[in-house]
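Each chain, written out:
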Amino acid sequence: MGKKCNLLWVLMFCFPVAQACAQQSTITVHVHKTGLFSSFAHNHVISAPVATAEVNAAGMSAAITVLAKNMKVVDPDASEKDRAEIQSTMLGPKVLNAAKFPEIRFNSSRIEQTGPQHYRVTGVLLLHGVSKEISFEVTGGPQHYQGKAKLKQTDFGIQPVSVAGGTVKVKDEVELEFDIFAGAKNGR
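Residues numbered from 1 in each chain as written. Predicted model: local features only at pLDDT ≥ 70, side-chain atom pairs only at ≥ 80, totals over all residues. Heavy atoms only, no water.

Draft legend 1. The arrangement of the nonpolar core in detail. Core analysis: the biggest nonpolar cluster contains 38 residues, and Ile27, Val29, Met71, Leu125, Leu127, Phe136 and Phe178 have the highest contact counts within it. Element by element, the count of residues in this core is highest for strand β10 (residues 168-181), at 5 residues. Those residues in contact with Leu127 that sit more than four places away from it in its chain are Leu96, Ile104, Leu151, Phe156 and Ile158. (Core = buried A, V, L, I, M, F, W, Y, C linked by side-chain atoms within 4.5 Å. Buried < 20%, exposed > 50% of the residue type's maximum accessible area, 1.4 Å probe, protein only. Helix = DSSP H or I, 4+ residues; strand = E, 2+ residues; numbered from the N terminus. Contact = heavy atoms within 4.5 Å.)

Right, dumping it as structure tokens:
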């Protein structure tokens, strides 16, 4: 009986912890192609695990940090070699310059509830050493939020990558999808 009680206690205690650990906040970045020969290129999908997500539902505030070095190109249509090249370019000095700008941070300045479980979030995004105010819609709460936003790379001092004399390039505007769990700390 003693072993069964101990096992039961361990399972009851550990299951909620394991469940919470499985909830990793992520941002997915969608980068689309453009240009005369863009049909020969592919769009990019980048996974950006969130290092910290501090969401205060009662205080209507949020702070999110992503470590640039942890962002990963996951293009499903690209070969492993192509993904590695895209990854290197993304983290290198031409795009994110992860060595110089290791963190991407967002801090809310205002969160307004626009309906049941719907919010308008405004705050400052620090990306590539440039701070800019952005606004976007989110749904959910109080522990899990989802939303989408668009931003232009050039607004943050990033020139969209271009190859073959500009006949293939990525669009300036990128789309972000977030899946945020309040209080998530996914490691630094």
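Draft legend 2. How the structure looks around the side chain of Thr122. By the element assignment, Thr122 lies in strand β6 (residues 118-127). The class of Thr122 is buried, set by a relative accessible area of 2%. Once residues lying within four places of it in the same chain are set aside, the contact partners of Thr122 are Phe106, Ser108, Ser109, Arg110, Glu133, Ile134 and Ser135.

Draft legend 3. Molecular detail of helix α2 (residues 80-91). Here α2 spans 16 Å end to end across 12 residues, near enough to the 16 Å set by a 1.5 Å rise per residue. Against the buried residues of α2 lie β2 (44-56) and β4 (72-73). (Expected span 1.5 Å × (residues − 1).)

Draft legend 4. Here's a closer look at unusual backbone geometry. A cis amide bond, omega -10 degrees, links Gly141 with the succeeding residue Pro142. In this structure, Pro142 sits in the loop between β7 (130-140) and β8 (144-152). Positive phi, normally seen in glycine, also occurs at Asn97, with a value near 50 degrees. Summarising the element assignment, Asn97 is placed in the loop between α2 and β5 (103-115). Notably, Gln117 is not glycine yet its phi reads approximately 60 degrees, a positive angle. Relative to the assigned elements, Gln117 resides in the loop between β5 and β6.

Draft legend 5. The arrangement of the pairing of β7 in detail. As judged from the 10 bridges shared by β6 and β7, these two strands associate in the antiparallel manner. Bridge pairing in β7 places Val121 opposite Phe136. Hairpin connection of β6 to β7: 2 residues between the antiparallel strands, including His128 at a positive phi of 60 degrees. Here β7 runs beside β8; their pairing, made up of 4 bridges, is antiparallel. Looking at the pairing, Gly140 lines up with Tyr145 of β8. Taken together, β7 and the strand that follows it, β8, pair antiparallel across an intervening segment of 3 residues, in which Gly141 is found at a positive phi of about 120 degrees. (Pairing = 2+ DSSP bridges.)

Draft legend 6. Structural context of the pattern of salt bridges. Overall, the coordinates contain 4 salt bridges when judged by the stated rule. Between Glu103 and Arg105 there is a salt bridge, and its shortest N-O distance comes to 3.0 Å. Overall, Arg105 belongs to the partly exposed group, its relative accessible area being 33%. Between Glu112 and Arg110 there is a salt bridge, with the nearest N and O atoms lying 3.7 Å from each other. By relative accessible area, which is 39% here, Glu112 ends up partly exposed. On the basis of relative accessibility, which here comes to 41%, the residue Arg110 falls in the partly exposed class. (Salt bridge = Lys/Arg side-chain N within 4 Å of Asp/Glu carboxyl O.)

Nothing here speaks to function; it is geometry throughout.
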